[in-house]
Amino acid sequence: MSKANKITHGNITKEVFLFFVPLVISAFFQHFYGIVDAIIVGQNLGDLAFAAVGGSASKLITMLINFFVGVSAGVTVYASQYYGQGDTNSIKKIIYNGTISFLIFGIALSSVCLLFGLNYLKIMQTPQDTIKFSQIYLNTFLVGLVFCIFYNMFSGIFRGLGDSKTPLYVLIFCSILNILLDLLFVIVVPLGVFGVAFATVTAQGISAIILMYILSKRFKDEKISKEIDIKMISDIFKLGIPAGIQSIMYSLSNMLVQSTVNTFGYTSVTAWSAYLKIDSIIDVFVSALGSTAVTFVGQNKGAGNIKRIKESVIKIILITYIIVIPIIGIFILFRESLLLMFTDTKEVIEVAKTLFFVIMPMYILGIPNTICSQAVRGLGQSFKPMIITLIGVVGLRFIWVLLIFPLNPTIQFLGYCYPVSSFIMSIIFIVYFAKEFKKLKSPEPVKNFLSECVYG
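Observations regarding the pattern of salt bridges
Within the structure shown, the criterion is met by five salt bridges. For the salt bridge of Asp235 with Lys231, the shortest nitrogen-to-oxygen distance reads 3.0 Å. Taken as a pair, Asp235 and Lys231 lie in helix 11 (residues 230-261) at a separation of four residues, close to a single helical turn. Owing to a relative accessible area of 18%, Asp235 belongs among the buried residues under this scheme. Residue classification places Lys231 among the exposed positions, given a relative accessible area of 58%.

Below, the structure written as structure tokens:
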């Protein structure tokens with residue numbers, strides 16, 4: 001409650017920083033071991049393996065993880081509701097039902113992806129030089145996907161119980177363990193691309209077990225309910241699946257672009273992969289501030305602080321620019337040194353250097369899109385933003401790839417789809433947020449606000 005009171009009544013700028021810094025730390029460690037993965041692969045296994053790890057296989061894996069991160073929101077929401085009500089029995093039921101349903105769903109999805117994984121790589125026009133490595137990396141990860149699912153689900157339960165530190169500590173441990181296992185399975189015991197994927201899956205599995213153990217210790221004096229509750233499982237997925245679908249919208253558009261990048265050959269694929277590793281650092285900050293907007297708008301709407309909603313959104317946008325612009329400037333200035341961490345191939349570096357000027361402006365143009373789209377979700381809209389994202393992001397980039405890109409078929413021109421679509425989406429969501437904000441008339445707190453956030 002004290003945190004909610006600070007968000008609804010404290011100094012907005014101060015509370016924004018206090019809220020989003022832990023999110024950045026968590027995301028940083030996730031990206032950190034991803035970057036170290038890439039460095040170890042690029043420096044020890046060569047450009048072909050690097051392209052395989054960072055190419056089409058990585059896009060599918062990212063999409064699956066993003067989907068389950070969104071779906072796990074269903075568990076987080078209900079765990080939070082029951083914890084606020086003091087309903088320990090329902091918390092135990094959601095732990096059990098969430099574990100069973102996610103296990104079944106995860107195994108089923110992994111099996112389907114394993115069955116059609118090679119076809120996916122071919123559809124994505126993965127270069128023939130890298131397709132063998134890509135298939136090994138993808139299949140290894142898919143076998144262990146359920147561990148990644150459990151890690152996100154248990155982390156969501158802890159956050160729902162008001163504990164964000166335990167998942168962070170376990171994530172830091174997971175990151176360090178992943179790096180050590182990378183060194184073991186790539187350098188000491190040379191298992192190649194398989195070793196990289198196996199290291200990640202193993203680290204995620206151990207981390208999920210640790211979270212499950214800590215959770216069980218927290219309820220050590222109480223028996224975990226082992227009753228299958230179909231309604232509860234249904235409610236979890238009703239809350240989570242719309243969030244999961246919205247989470248994969250950007251992954252779908254990236255897969256579309258990646259399939260076109262693959263047609264340029266492994267030099268361009270490697271350059272694209274190296275650039276994206278650096279680009280992802282900026283995304284950490286923007287995404288964390290977007291998540292901050294959801295909480296600030298949601299809690300202030302629930303408290304009836306209508307004026308503070310607008311103030312929060314404006315300040316979060318300004319803070320995002322203040323943080324992101326200097327980072328972009330530093331990355332552009334030291335772009336060659338940054339790229340040398342992943343590859344020393346001159347041709348690859350020359351291609352990747354051009355992408356800094358082509359794609360990175362996406363963040364400057366797209367900050368209002370990220371913050372306002374999340375703010376609209378905080379106002380109680382979820383389905384409509386999902387549809388807008390589908391049409392505006394996937395649709396615009398699809399049009400660019402099929403109709404505009406052929407006019408100038410270069411990898412740089414292909415990259416322009418990102419800043420162009422981000423700018424257009426910013427305009428759309430600024431207008432949409434302003435429209436939804438004007439509808440807010442009553443200062444009364446919103447009942448059952450969590451459900452409104454999902455169903456609109």
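With respect to helix 16 (residues 361-378)
In a regular helix each residue adds 1.5 Å, so 18 residues correspond to 26 Å; helix 16 covers 26 Å between its end C-alpha atoms and thus fits that length. The largest bend in helix 16 comes to about 45°, at Ile367, with the proline Pro368 one to four residues further on. Among the residues of helix 16, those classed as buried are Met362, Tyr363, Gly366, Ile367, Pro368, Asn369, Ile371, Cys372, Ser373, Ala375, Val376 and Gly378.

Structural notes on the confidence of the model for the protein chain
When pLDDT is averaged across the protein chain, the result is 82; 89% of the residues are at 70 or more. Of all secondary-structure elements in the protein chain, the lowest mean pLDDT belongs to helix 20 (residues 449-455), at 41, while helix 13 (residues 306-333) reaches the highest, 93. Under a pLDDT of 50 for its full length, residues 1-5 has, in the predicted model, three contacts with residues more than four places off or in other chains. A low-confidence stretch, residues 442-456 (pLDDT under 50), is modelled with 38 contacts involving residues beyond four sequence positions or located in other chains.

Definitions and limits used
- Residues numbered from 1 in each chain as written.
- Predicted model: local features only at pLDDT ≥ 70, side-chain atom pairs only at ≥ 80, totals over all residues.
- Heavy atoms only, no water.
- Salt bridge = Lys/Arg side-chain N within 4 Å of Asp/Glu carboxyl O.
- Helix = DSSP H or I, 4+ residues; strand = E, 2+ residues; numbered from the N terminus.
- Buried < 20%, exposed > 50% of the residue type's maximum accessible area, 1.4 Å probe, protein only.
- Expected span 1.5 Å × (residues − 1).
- Bend = angle between axes of the 7 residues up to and from the residue.
- pLDDT = per-residue confidence, 0-100.
- Contact = heavy atoms within 4.5 Å.

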